[in-house]
Amino acid sequence: MATKSRLVKNVSAEPRNKISCYICYARLDGLEYAKVLTDRLRHQGVNVFVDDDILPGEKITDVIQNKIQHADFFILIGTPAAFKSEWVKIEVQFFYREMQRSQQRLLPIMFRGLSGFEDIPQFLQDIQWLQEDKSTLRDGPSEQGLSQLFHAVQYIRESVTPIPTRIRVPSKPEKKRPLNEGKLILVGRGEVGKTSLVRRLTNDEFRGDESKTQGINITDWKLLSGSDILQLNVWDFGGQEIMHATHQFFLTERSLYILVLNGREGGEDIDAEYWLKLIESFGGDSPVIIVQNKIVQHPFELNYRGLQTRYPQIHGFVKTDCKDAVGIDDLRQLIQRVAAEMPEIRMQFPADWFAVKDKLSLMVDDFMGFLRFRQICESEGIQNESDRDTLCWVLHCLGIALNYRDDPRLRETSVLKPEWVTNGIYKIINAKKIADRQGELRLSDLNWLLPRDRYPLEKHLFLLELMRKFSLCFAFPDEEDRYLIPELLGKEEPKVTEAFVPDECLNFEYHYAILPEGLIPRFIVRSHTLSRNQERWRSGVILSYEGCKALVTAVTAERRVIVRVMSGDAGARRRLLAIIRYDVDRINREFKDRLDAQPKVPLTDFPEFSVDYHKLVAFERQGVETFPEFIGQNVVSVDVNELLNGIDLATQREEASNLIVKLKSVFFSYSHKDESLRDELETHLKLLQRQSVISTWHDRKILPGTEWDHEIDQHLERARIILLLISADFIASDYCWEKEVKRALERHESGEAVVIPVMLRSCDWQDAPFAKLQGLPKEMKPVKSWPDRDAAWTNVATGIREVAQALK
Ligand SMILES: Nc1nc2c(ncn2[C@@H]2O[C@H](COP(=O)(O)OP(=O)(O)OP(=O)(O)O)[C@@H](O)[C@H]2O)c(=O)[nH]1
Ligand SMILES: [Mg+2]
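Remember, it's a predicted structure, so these values are computed and weren't measured experimentally.

Colleague: Just to check I follow, could you spell out the site of ligand 1 for this structure?
Modeller: Around ligand 1 lies a shell of 23 residues, among which Thr195, Ser196, Thr213, Gly239 and Cys322 are the nearest. Within the contact set of ligand 1, a nitrogen atom lies 3.0 Å away from a side-chain nitrogen or oxygen of Asp321. Within the contact set of ligand 1, an oxygen atom lies 2.7 Å away from a backbone nitrogen or oxygen of Cys322. Surface burial for ligand 1 is 91%, taken as the share of its 650 Å² of free accessible area covered by protein chains.

Colleague: Help me out: how do you make sense of the coordination of the magnesium ion (ligand 2) in this one?
Modeller: In an ideal octahedron of six donors the angles at the metal are 90 or 180 degrees, and in an ideal tetrahedron of four donors they are 109.5 degrees. For the magnesium ion (ligand 2), the full set of protein donor atoms is Thr195 (OG1) and Thr213 (OG1), at a range of 1.9 to 2.0 Å. Placement of Thr195 in helix 9 (residues 194-203) and of Thr213 in the loop between helix 9 and strand 8 (216-225) is noted, with a sequence separation of 18 residues between them. The pair Thr195 / Thr213 is uniform in exposure class, with both members buried.

Colleague: Honestly, the sheet that holds strand 11 (residues 288-292) in this entry has me stumped. Any pointers?
Modeller: Pairing between the strands of a sheet is mediated by backbone hydrogen bonds and can be parallel or antiparallel. Spatial strand order, 8-9-7-10-11-12: 6 strands in an open sheet with mixed pairing. Looking at which strands have only one partner, the edges of the open sheet turn out to be strand 8 and strand 12 (314-319). Taken over all neighbouring pairs, the strand axes of this sheet differ in orientation by 20° on average, direction set aside. Relative to strand 9 (residues 228-237), strand 7 (residues 181-187) is paired through 6 bridges, and the arrangement is parallel. Directly across from Lys183, in strand 9, lies its bridge partner Asn233. Strand contacts of helix 13 (residues 328-341): strand 7, strand 8, strand 9, strand 10 (256-261), strand 11 and strand 12, with the helix running at about 80° to strand 8, the strand carrying the most contacts.

Colleague: Even after reading the chapter, I still don't get empty space enclosed by the protein, so can you show me in this structure?
Modeller: One water molecule sets the probe size; rolling that probe over the atoms shows where empty space is left. Applying the stated criterion to the full structure yields 1 cavity of 30 Å³ or more. For the largest cavity, the calculated volume is near 90 Å³. Lining the largest cavity, in full, are Leu179, Glu181, Gly182, Lys183, Arg254, Glu344, Ile345, Met347, Trp393, Val394, Cys397 and Leu398. Among the secondary structure elements, those contributing two or more residues to the lining of the largest cavity are strand 7, helix 14 (343-346) and helix 17 (385-398). When residues of the lining of the largest cavity are assigned to their parent elements, the largest contribution, 4 residues, is made by helix 17. When residues of the lining of the largest cavity are sorted by domain, at least three fall in each of domain 2 (178-346) and domain 3 (348-415).

Colleague: Mind showing me how you'd approach the packing of aromatic side chains here?
Modeller: Each aromatic ring pair is described using two quantities: the centre-to-centre distance and the angle formed by the ring planes. Here the structure, examined in full by the defined rule, presents 20 aromatic pairs. Both rings, one in Phe249 and one in Phe250, keep their centres 5.8 Å apart while their planes meet at 70°; by these two values the pair is edge-to-face. Take Phe249: its relative accessible area is 2%, and that puts it in the buried class. Relative to Trp353, the ring of Phe349 has its centre 5.4 Å away and its plane inclined at 85°; by these criteria the two rings are edge-to-face. Of the two residues, Phe349 and Trp353, neither departs from the other in class, the shared state being buried.

The rules behind each value
- Residues numbered from 1 in each chain as written.
- Chains lettered and ligands numbered in written order.
- Predicted model: local features only at pLDDT ≥ 70, side-chain atom pairs only at ≥ 80, totals over all residues.
- Heavy atoms only, no water.
- Near = heavy atom within 4 Å.
- Polar contact = N/O pair within 3.5 Å; in protein donor to acceptor, adjacent residues only side chain to side chain.
- Areas by Shrake-Rupley, 256 points an atom, 1.4 Å probe, with all protein chains shown as cover.
- Donors = N, O, S within 2.8 Å, 3.2 Å for Na, K, Ca; no water.
- Helix = DSSP H or I, 4+ residues; strand = E, 2+ residues; numbered from the N terminus.
- Buried < 20%, exposed > 50% of the residue type's maximum accessible area, 1.4 Å probe, protein only.
- Pairing = 2+ DSSP bridges.
- Axes fitted to C-alpha atoms, helices over the stretch in contact; angles between N-to-C directions.
- Contact = heavy atoms within 4.5 Å.
- 1 Å grid on protein atoms, 1.4 Å probe; cavity = no way out; pocket = protein on both sides within 12 Å on 5 of 7 lines; lining within 4 Å.
- Points joined across faces, edges and corners; volume = space filled by probe spheres on them.
- Domains from an automatic or database assignment.
- Phe/Tyr/Trp six-rings, centres within 6.5 Å; stacked < 30°, edge-to-face > 60°.

In structure tokens:
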């Protein structure tokens, strides 16, 4: 008993300004950590109680209870053994009881990479744990962990007000203050006075000879809001059209937009709509202020109410003149008011977030990898992943480090210098050599297009993928390193289009509610084998197939895509149209039907009038043979069958509606050296795909990140038809030979699949194991040796169709 009272007395005798703690741990796996932690805390002047200073003869539970009662906080070393230990359980129970009565704090520590936490009591689960690496159990607490603990101790020591029972372990004393920083973006056509406005707002000066802004100018502008200073990072974009393409990268959300308009050329409301749509699509619901500049020289009015109804994010209109300093104060005040109300600008920002932001603002690099960002965050004590993500997003919106984190192909890189992106992309879209190649570019072209010191190899893909995200380029299907840059195609429609007189063509149209600019470039990349050596321009393309030619062109003003097929025989024309429709339908689906595309069939005698394709098909199913249509001043009778048969034969429409369930999967086994021939064959098989006779698969369809050999195996196992594309390279390829051919022939033998050798190039194949199989094209004459390549492919496609249709 005496011993007990001595101990109690000792404990109580500790000076009250000395912080005390109790360390709870399991000997089995927490001893090392507890020992080092005890030393380090004692070294910091903390009075530490552990259970090994119990004297012989003392009643253990009494002593423990006493120590816990007198500790300011309770450190729990949460190892798996701890949660199974009866002693730990008792200690935690004591603490829990104590916690109800007094102001004790709990500091639990957990170890990453360990399991066995299923038994944690509920009250421990909803508390912030300090995280350590499991290696610290062997090596002792990390410096990071200790510093967090010391912060917590400090926090307790400095607190005057009663401390909440369960404190969150702060990474540093959690001092937050408002960010008071935001991004102000000026947009508008060239020479409307954007730069002049920035100069007036920030310095109150005006230059009559302001030069055109090249790219982007960024200025810091500080303005007073109550007792706070707000910093706005002002982004002033060059307004010339060539730059619009790259500006979209920087039109971020949660920014304040100033749209500058002039009244000189008329059509200001339309101009306003154009920019407001652009702001809306990139900036979301960011606030917008509309400035009517040069108002003294060219006064003009806008439909305020109409605009504001359609774009509720408009926060006001101001008439200004930079030369005469008219309206500048009003604009300044409005900016200040709107900015001060933006929650993003006012958000509470922890001290360590400020530290990261300041570090990044001072960096001279053009870009930064995600790993580097993580290191910087960690060095400032930001460990938590979701904190890091939020900070990353805020830095993006502020324009300090742009990171397109929604896109897995882009999120690894943050752009620190916007001109790094814009200069690189201008170099690409201004390359004459690429323009000469009809805008086709390979990833490897960036080696000579871009200076290596500023654009290292590993960043080339980032630039192209960024362009792709913003529809500045389009990837060819199944060839991830090959792109089309529409900017490098001519704008003007070539003269050959005049030959496509509607009366002499097979006509088809798509009418759209919204016709996106990227539709034709998307179509070009999909159908590229058919437009090789033909004309391509920004809004259209000529295709060639089996002796016929097709014109596919977008008429932006009417929101239509027009298809005209001429020459060749009727069957070939229908086949080409079917291929075109297959591709256009696929693209329309990529836009998830937001475009509301309506396929239309122009009337044979009045090609300027068209009827709904789906309506015709429905009439046909219901047995309606003719129906009246109002044309100009007259009513004409439309023959359903005649009109539809011009597009595709009744038998094919029937097949299309019946065959879906019987779709046969086709697997291509080929050498990568024959890629372009495989491409051509696939184009010719589109007709069968459109009619839902087959679906095709080859290894270029493997998504990045998947196990390719597993994918290949799966598709090979599932295929009903296996095409062996024969050439000397195919025969020489070990993989094709040993894996694919072997397995294909086994499946053929067992009747599960049909193997068809397709002779691409002449080679020695007579002794090959597939020599006894029926091959294509006829007489096994290599596709490359046919004088008419289309005829060879048609022969192959017909053979495949017959096999597919004969399969049950
Ligand atoms: N009279 C008058 N002239 C102006 C005003 N604002 C700008 N200017 C003149 O208009 C011309 C274009 O002004 P900028 O400020 O360079 O226009 P910008 O929109 O920045 O042009 P870009 O950088 O090419 O997009 C310059 O010669 C300016 O001096 C104005 O309010 N009144
Ligand atoms: Mg300018």
